[in-house]
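Structure assessment
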Amino acid sequence: MSHWHRNIQQLVEAIDVCIREKADDQLSLARLAERFGYSEYHFSRKFREVSGMAFRDYLRYRRLAFALRRIRDTRDGLLEIALDHGFSSHEAFTRAFREAYGLTPSQYRRHPVPVAVRTVLRPFDCYLLDTGGFGMQNTNDTVKTYFITIPAHKFLHIRNYESIGYWDFWQKQSLIPGQDCETICGLLDSIPGKLDDLGGEAADSGSGQIMAYINEPEGRLCSWGIPLAEAYGARLPVDYDGPVPPQMQLMDVPEGEYLVFEHGPFDFETENAAVEGKIEGAMKAFDYEAAGCRLDMAQGRVFYFYHDCTRYWKYVRPITRTK
């Protein structure tokens with residue numbers, strides 16, 4: 001099964017490239033099955049087994065996700081968008097869009113409410129697999145530490161007061177209606193203006209979305225003795241006044257100084273555990289007193305956590321200067 005996890009992750013990335021480049025001839029079941037060395041029947045059966053949906057349905061959802069972002073962010077004509085994303089007519093596009101999102105493309109353009117966009121297959125995200133990098137002791141990069149000032153902003157998120165870690169967080173959230181990983185990530189994908197969004201034309205699943213820990217009395221005590229609620233969401237501009245999905249919270253985060261522990265890109269399959277150990281060790285060994293600061297453990301302070309093996313792994317911790 002792990003072999004299929006890797007292959008299908010490569011496949012969903014290839015699908016997005018083809019949609020972005022309008023390479024429709026490369027998106028047939030036959031072409032993709034051949035590209036990955038399987039018969040059409042075997043490929044289709046395994047895709048459904050691992051993803052829970054038919055390949056054609058996944059492809060339609062991804063086309064719609066790209067189209068939705070273009071409707072939201074451009075003034076391009078709806079027919080042009082429909083044809084560019086593989087729909088034969090305005091009517092076919094409108095029918096598929098309404099079926100997926102509950103409103104027509106023109107209605108969404110007039111009032112772009114948050115909708116659950118079909119995201120990249122999240123079950124194959126490296127840090128949702130709860131595996132990776134076992135047995136490796138060394139990585140190529142050291143952990144950098146540096147101070148930054150983050151301007152005031154808003155944080156749109158869901159939170160859990162009992163979970164321990166990313167995997168456990170989503171396991172617990174999946175038991176709450178409307179707060180499973182796919183729904184929340186899909187809703188966040190449809191929110192414009194995320195401060196950490198990579199931008200570009202791709203309907204990036206997870207782009208602009210981050211994990212965080214919020215100092216709250218109801219939270220679980222962490223290893224350094226303060227109660228933290230785990231959260232997942234997106235940072236937004238301080239003047240954001242757009243819609244807030246009913247299952248999410250929008251909080252104000254004041255300007256503050258932070259200490260960053262950052263490791264560069266790494267290979268998830270061989271280095272994940274080693275990178276985790278290295279960055280945890282760096283945080284534990286850091287001499288706050290010598291650096292003239294201390295962790296800011298005031299209620300409501302937010303600790304951000306970024307995990308993207310193609311870019312970095314970093315913790316962003318709020319601090320207060322002592323000298």
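Remember, predicted model here, so these are calculated numbers, not experimental data.

So, how was this worked out
Residues numbered from 1 in each chain as written. Predicted model: local features only at pLDDT ≥ 70, side-chain atom pairs only at ≥ 80, totals over all residues. Heavy atoms only, no water. Helix = DSSP H or I, 4+ residues; strand = E, 2+ residues; numbered from the N terminus. Contact = heavy atoms within 4.5 Å. Areas by Shrake-Rupley, 256 points an atom, 1.4 Å probe, with all protein chains shown as cover. Salt bridge = Lys/Arg side-chain N within 4 Å of Asp/Glu carboxyl O. Buried < 20%, exposed > 50% of the residue type's maximum accessible area, 1.4 Å probe, protein only. Phe/Tyr/Trp six-rings, centres within 6.5 Å; stacked < 30°, edge-to-face > 60°. Arc of directions from axis to C-beta. Disulfide = S-S within 2.5 Å. Axes fitted to C-alpha atoms, helices over the stretch in contact; angles between N-to-C directions. Parallel < 35°, antiparallel > 145°, perpendicular 65-115°, else oblique. Nonpolar A, V, L, I, M, F, W, Y, C, P; charged D, E, K, R; others polar. Pairing = 2+ DSSP bridges. Core = buried A, V, L, I, M, F, W, Y, C linked by side-chain atoms within 4.5 Å.

**Some details on the overall build of the protein**
Helix and strand content of the protein: ten helices and nine strands. Once local pairs closer than 6 in sequence are excluded, the contacts in the protein between residues at least 24 apart make up 73%. Total accessible area on the protein is roughly 15400 Å²; 50% of this is exposed by carbon and sulfur atoms.

**A closer look at the pattern of salt bridges**
Summed over the entire model, instances satisfying the criterion amount to 17 salt bridges. When the shortest N-O distance is used, the salt bridge between aspartate 57 and arginine 60 registers 3.1 Å. Here aspartate 57 pairs with arginine 60, and both are found in helix α4 (residues 55–73), just three residues apart, close to one helical turn. Residue aspartate 196 is joined to arginine 235 by a salt bridge in which the shortest nitrogen-to-oxygen separation is 2.9 Å. Of the two residues, aspartate 196 is situated in the loop between α9 (181–189) and β3 (210–221) and arginine 235 in strand β4 (residues 227–237); the sequence distance between them amounts to 39 residues. Here aspartate 196 and arginine 235 have matching classes, each one buried. Ionic contacts of the salt-bridge type, sharing partners, join the residues Arg70, Asp76, Glu80 and Asp84 into one network.

**Some thoughts on the packing of aromatic side chains**
Under the counting rule described, the total for this entry stands at 20 aromatic pairs. Pairing phenylalanine 155 with tyrosine 304 gives two aromatic rings, centres 5.5 Å apart and planes at 85 degrees, and the pair type is edge-to-face. One end of the pair, phenylalanine 155, is in strand β2 (residues 153–160); the other, tyrosine 304, is in strand β8 (residues 302–308), with 149 residues separating them in the sequence. Aromatic side chains tyrosine 213 and phenylalanine 305 sit 6.4 Å apart centroid to centroid with 40 degrees between the ring planes, which places their arrangement in the tilted category. Taken together, the residues span a long stretch of sequence, with tyrosine 213 in strand β3 and phenylalanine 305 in strand β8 at a distance of 92 residues.

**Things to note about helix α8 (residues 166–173)**
Every buried residue belonging to α8 is among Tyr166, Phe169, Trp170 and Gln173, and all of these are buried. Each buried residue of α8 lies within a common arc of 90 degrees when the element is viewed along its axis, so the set occupies one face. Those residues of α8 that are buried lie in contact with β2, α9, β3 and β4.

**Examining the state of the cysteines**
If you walk through the whole model with that rule in mind, you get zero disulfides. Of the cysteine sulfurs around cysteine 185, a residue in no disulfide, the closest is that of cysteine 181, at 3.8 Å.

**So, the side chain of histidine 85**
Tracing the backbone shows histidine 85 in the loop between α5 (78–84) and α6 (90–101). Other than its neighbours up to four places away in sequence, histidine 85 contacts Ile19, Arg63, Phe66, Ala67 and Arg70.

**Structural notes on the packing of α4 against α6**
Two elements in contact, α4 and α6, have axes separated by 11 Å at closest approach and are oriented at 95 degrees. Judged by the inter-axis angle, α4 sits roughly perpendicular to α6. Residues Arg60, Tyr61, Leu64, Ala65, Ala67, Leu68 and Ile71 of α4 touch α6, and the partners they reach there are Phe93, Ala96, Phe97, Glu99, Ala100 and Tyr101. In terms of residue class, the contact of α4 with α6 is made up of eleven nonpolar, no polar and two charged.

**Here's the deal with the pairing of strand β6 (residues 256–263)**
Burial of β6 is extensive: seven of the eight residues sit out of reach of the surface. Strand direction decides the pairing type here: strand β1 (residues 144–150) and β6, joined by seven bridges, are antiparallel. Bridging from a neighbouring strand, isoleucine 150 pairs with glycine 256 of β6.

**Considerations on unusual backbone geometry**
Unusually for a residue other than glycine, lysine 22 sits at a positive phi of about 55 degrees. Following the sequence through the fold, lysine 22 ends up in the loop between α1 (2–20) and α2 (29–35). With relative accessibility at 45%, the residue lysine 22 sits in the partly exposed group.

**Description of the nonpolar core**
Within the largest apolar cluster, 38 residues are counted, with the highest numbers of intra-cluster contacts made by Trp170, Tyr232, Phe261 and Tyr288. Looking at which element gives the most residues to this core, the answer is α9, with five residues. Counting residues in hydrophobic clusters, the runner-up holds 18 residues, among them Ile19, Ala23, Leu27 and Phe43.

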